[in-house]
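What follows is each chain in one-letter form.
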Amino acid sequence: MRGEQTDSSLTERMEPIQTAFDVSYAYPVVFSRGSLEPANPALRDLVAGGSGRVGGVTEPVRALAFVDDGLLAAAPRVASDLAAYAAAHADRFDLVAPPIAVMGGERSKSDPDVVRDVLRAIAEHDLCRQSVVLVVGGGAVIDAVGHAAATAHRGVEVVRVPTTVLAQNDASIGVKNAINFEGRKNFLGTFAPPRGVLNDFDLLATLGERDRRSGIAEAIKVALIRDGAFFESLVRDGASLAAFAPGAMQAMIRRCAELHLVHIATSGDPFERGSARPLDFGHWLAHHLEERSGFALRHGEAVAIGIAVDAIYSEKVGLLPASAHRILDLLATLGFPLHPPALADVDVEQALESFRAHLGGRLCITLLADIGVGVEVHEIDPALVRKSIAFLGEHAPC
Ligand SMILES: NC(=O)c1ccc[n+]([C@@H]2O[C@H](COP(=O)([O-])OP(=O)(O)OC[C@H]3O[C@@H](n4cnc5c(N)ncnc54)[C@H](O)[C@@H]3O)[C@@H](O)[C@H]2O)c1
Ligand SMILES: [Zn+2]
């Protein structure tokens, strides 16, 4: 009788249904200049690329553009240039409303109204999953708008046009986005590969000194864990990079972006299911410092300090042959402030635990076994970290 069947007899009779499927991703990261000049097809091709032919007719792709208000303050023409660009390509690219300004900087990730306003605009303009969200700005705005787009209709496609060094060489080229939640950095987020990324070097022209410099930290990071020759080229180009010479900056951005993308595409773990996170070298401390500084420190500035401390620690723990001073010298040449007040407030145990909890599972921190060689460790000695921080305080410029 049915009522007498136990749960276990049901389980025995019902074979589980096993599913398995793969989804592959491919997207371009394009390098250009003058991307808002109508004669330049790069942006149109990214927005309209792959657009469906409906009944034999190619429909223009409906798009809504969100632009960082810090960029607009420095370069107000970007909004009208973008609208004019879309008008010139109206057969492929239907900008359904004038570009919408979004609060720039980390506040865009911390204020939940920003994501809500983006979602509201997507809803009001009836964007669907065949439409495109175009986001132009720094890494924070790209994260916030990207997060909103990834959750609207379970994912509206995004074309990113990053306008800071850090966004061009790291933040906007990868597969994830995140916003902050109740003071916790990157607590809410999704994995959502973009439709495409357009790195326009001309859009960096209005950047302030801090935002030109801060992104270079991510290049040093990826060079240290992956590519010793790239590190040597950064040292060779140190003076040019410190002066933000365009040739050196462009070469740095291109190689940094490439190393990040190669890692994402070939690591076997693009969506970070495991707890190893090599590209987060220097980041366990950086995220804590950003929080402790009330986000007054730029992400890249905090990463520079995280790199410095982890390099000193790697040497003190006997992993890195005496070369931490070369890393400190490069950071100093580039003008990174390596000993800000927030460093005095660091709670090493809490920072490590919060990083572990963010990754899930065991603590996994990348250190250096050599310049260009990252190595994963699962234990960190907090007392030695404090000594490394003290060493930095004694040997680094403020
Ligand atoms: N999603 C990822 O994979 C990923 C990876 C790394 C970093 N990030 C995130 O990126 C963020 C940092 O990004 P960021 O360094 O680009 O800083 P940011 O986005 O905070 O921008 C810095 C400032 O520059 C302004 N700005 C942007 N473009 C400008 C321009 N061309 N001219 C003048 N001003 C301009 C912004 O308004 C802001 O005030 C952090 O929140 C970090 O967590 C994300
Ligand atoms: Zn980073």
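Please read all numbers here as calculations on a predicted model, not as lab measurements.

**Details of the overall build of the chain**
A tally of helices and strands in the chain yields 18 helices and 13 strands. Scaling as 2.2 N^0.38, a compact globule of 398 residues should have a C-alpha radius of gyration of about 21 Å, and the chain matches this with 23 Å. Here the C-alpha coordinates of the chain stretch approximately 75 × 70 × 35 Å along the principal axes. Within the chain, the proportion of its 398 residues that are buried is 51%. Considering only contacts within the chain whose residues lie at least 6 apart along the sequence, 77% involve residues at least 24 apart. Total accessible area computed for the chain in this model is approximately 18,100 Å², and 53% of it derives from carbon and sulfur atoms. Taking the average place of the 37 positive charges on the side chains of the chain and the average place of its 50 negative ones, the gap between the two points comes to 2 Å.

**Considerations on the domain arrangement of the chain**
As assigned here, the chain comprises domain 1 (29-204) and domain 2 (209-265 + 274-395). The straight-line distance from the C-alpha centre of domain 1 to that of domain 2 is 28 Å. When domain 1 packs against domain 2, close to 1,900 Å² is buried across both sides, 68% of that on carbon and sulfur atoms. The largest contributions to the domain 1 side of the interface with domain 2 come from Val-165, Asn-169 and Lys-185, which together make up 30% of the buried area. Taken together, the links from domain 1 to domain 2 amount to 2 salt bridges. Along the contact surface separating domain 1 from domain 2 lie 4 residue pairs in polar contact (both at pLDDT 80 or more).

**Regarding the coordination of the zinc ion (ligand 2)**
Surrounding the zinc ion (ligand 2) are the protein donor atoms Glu-218 (OE), His-283 (NE2) and His-299 (NE2), at 2.0 to 2.1 Å. Within one chain, the residues serving as donors to the zinc ion (ligand 2) are arranged as E-x64-H-x15-H. Taken together, the residues Glu-218 in helix 10 (residues 216-226) and His-299 in helix 15 (residues 299-316) connect sequence positions 81 residues apart. Accessibility classification places Glu-218 together with His-299 in one group, the buried group.

**Here's the deal with the layout of surface pockets**
Size it by volume and the second largest pocket reaches roughly 360 Å³. As for the second largest pocket, its lining consists of 19 residues, of which Gly-155, Val-156, Glu-157, Ala-192 and Pro-193 are closest to the centre. Only helix 7 (139-151), strand 8 (157-162) and strand 10 (184-191) provide two or more residues apiece to the lining of the second largest pocket. Top element by residues in the lining of the second largest pocket is strand 8. It accounts for 3 residues.

**Describing empty space enclosed by the protein**
Taken as a whole, this structure holds 2 cavities of 30 Å³ or more when the rule is applied. Taken as a whole, the largest cavity encloses approximately 50 Å³ of empty space. As for the largest cavity, its lining consists of Ser-35, Leu-36, Leu-43, Val-78, Leu-82, Val-136, Val-161, Leu-198 and Leu-203. A per-class count over the lining of the largest cavity returns 8 nonpolar, 1 polar and no charged. Residue lining of the second largest cavity: Arg-277, Asp-280, Phe-281, Gly-282, Trp-284, Asp-310, Phe-355, Cys-364, Ile-365 and Thr-366, and that is the complete set. Among the residues forming the lining of the second largest cavity, the class breakdown is 5 nonpolar, 2 polar and 3 charged.

**Things to note about the nonpolar core**
Note that soluble globular proteins tend to have their nonpolar side chains buried in a common cluster. Formed by 69 residues in total, the largest nonpolar core has its most connected members in Ile-220, Ile-327 and Leu-392. Tallying contributions element by element places helix 15 first for this core, with 10 residues. When we break this core down by domain, the ones giving at least three residues each are domain 1 (29-204) and domain 2 (209-265 + 274-395). Within the second largest apolar cluster, 26 residues are counted, among which are Leu-46, Ala-48, Leu-71 and Leu-198.

**Some thoughts on the site of ligand 1**
Close to ligand 1 lie 25 residues, the nearest being Asp-68, Glu-106, Gly-139, Thr-163 and Thr-164. Lys-109 has a polar side-chain atom sitting 2.9 Å from an oxygen atom of ligand 1. When isolated, ligand 1 has an accessible area of 870 Å², and the protein chains bury 90% of it. Those elements that provide at least two residues to the shell around ligand 1 are helix 3 (69-74), helix 7, helix 8 (165-171) and strand 10. In terms of residue class, the shell around ligand 1 is built from 7 nonpolar, 10 polar and 8 charged.

**Looking at a nonpolar patch on the surface**
A surface patch of nonpolar side chains, about 390 Å² in accessible area, is lined by Phe-21, Val-23 and Tyr-25. As for its position among the elements, Tyr-25 is in the loop between helix 1 (7-13) and strand 1 (29-32).

**Concerning the pairing of strand 7 (residues 132-137)**
Counting buried residues along strand 7, 6 of its 6 residues qualify, which places the element largely inside the surrounding structure. Where burial is concerned, the two faces of strand 7 agree: the one with Val-132, Leu-134 and Val-136 and the one with Val-133, Val-135 and Gly-137 are both buried. Sheet topology note: the strand 7/strand 8 ladder contains 6 bridges and is parallel. Counted as the bridge partner of Val-132 is Glu-157 from strand 8. A crossover connection joins strand 7 to the parallel strand 8 through helix 7; in handedness this β-α-β unit is right-handed.

**Overview of the packing of helix 14 (residues 283-292) against helix 15**
As a packed pair, helix 14 and helix 15 sit with axes 7 Å apart at the nearest point and diverge in direction by 135°. What the angle tells us is that helix 14 and helix 15 run oblique. In this structure, helix 14 meets helix 15 at a crossing whose hand is right-handed. Mapping the contact onto sequence places His-283, Trp-284, Leu-285, Ala-286, His-287, Leu-289 and Glu-290 in helix 14 and His-299, Ala-302, Val-303, Ile-305, Gly-306, Val-309 and Asp-310 in helix 15. Considering only residue class, the contact of helix 14 with helix 15 consists of 8 nonpolar, 4 polar and 2 charged.

**What to know about the side chain of Thr-163**
With respect to the element layout, Thr-163 can be found in the loop between strand 8 and helix 8. Not counting residues within four places of it along the chain, the set of residues in contact with Thr-163 comprises Leu-71, Val-136, Gly-137, Gly-138, Leu-203, Leu-204 and Leu-207.

Thresholds, definitions, all that
Residues numbered from 1 in each chain as written. Chains lettered and ligands numbered in written order. Predicted model: local features only at pLDDT ≥ 70, side-chain atom pairs only at ≥ 80, totals over all residues. Heavy atoms only, no water. Helix = DSSP H or I, 4+ residues; strand = E, 2+ residues; numbered from the N terminus. Rg over C-alpha atoms; globule rule 2.2 N^0.38 Å. Buried < 20%, exposed > 50% of the residue type's maximum accessible area, 1.4 Å probe, protein only. Contact = heavy atoms within 4.5 Å. Areas by Shrake-Rupley, 256 points an atom, 1.4 Å probe, with all protein chains shown as cover. Lys, Arg positive; Asp, Glu negative; His and termini not counted. Charge placed at Lys NZ, Arg CZ, Asp CG, Glu CD. Domains from an automatic or database assignment. Buried area = accessible area lost by both parts, 1.4 Å probe. Salt bridge = Lys/Arg side-chain N within 4 Å of Asp/Glu carboxyl O. Polar contact = N/O pair within 3.5 Å; in protein donor to acceptor, adjacent residues only side chain to side chain. Donors = N, O, S within 2.8 Å, 3.2 Å for Na, K, Ca; no water. 1 Å grid on protein atoms, 1.4 Å probe; cavity = no way out; pocket = protein on both sides within 12 Å on 5 of 7 lines; lining within 4 Å. Points joined across faces, edges and corners; volume = space filled by probe spheres on them. Nonpolar A, V, L, I, M, F, W, Y, C, P; charged D, E, K, R; others polar. Core = buried A, V, L, I, M, F, W, Y, C linked by side-chain atoms within 4.5 Å. Near = heavy atom within 4 Å. Patch = residues over 30% accessible without salt bridge, like charges linked within 9 Å, V, L, I, M, F, W, Y side chains within 5 Å. Pairing = 2+ DSSP bridges. Right-handed = clockwise from strand over helix to strand, strands pointing away. Axes fitted to C-alpha atoms, helices over the stretch in contact; angles between N-to-C directions. Parallel < 35°, antiparallel > 145°, perpendicular 65-115°, else oblique. Left-handed = near helix turned anticlockwise from the far one by under 90°.

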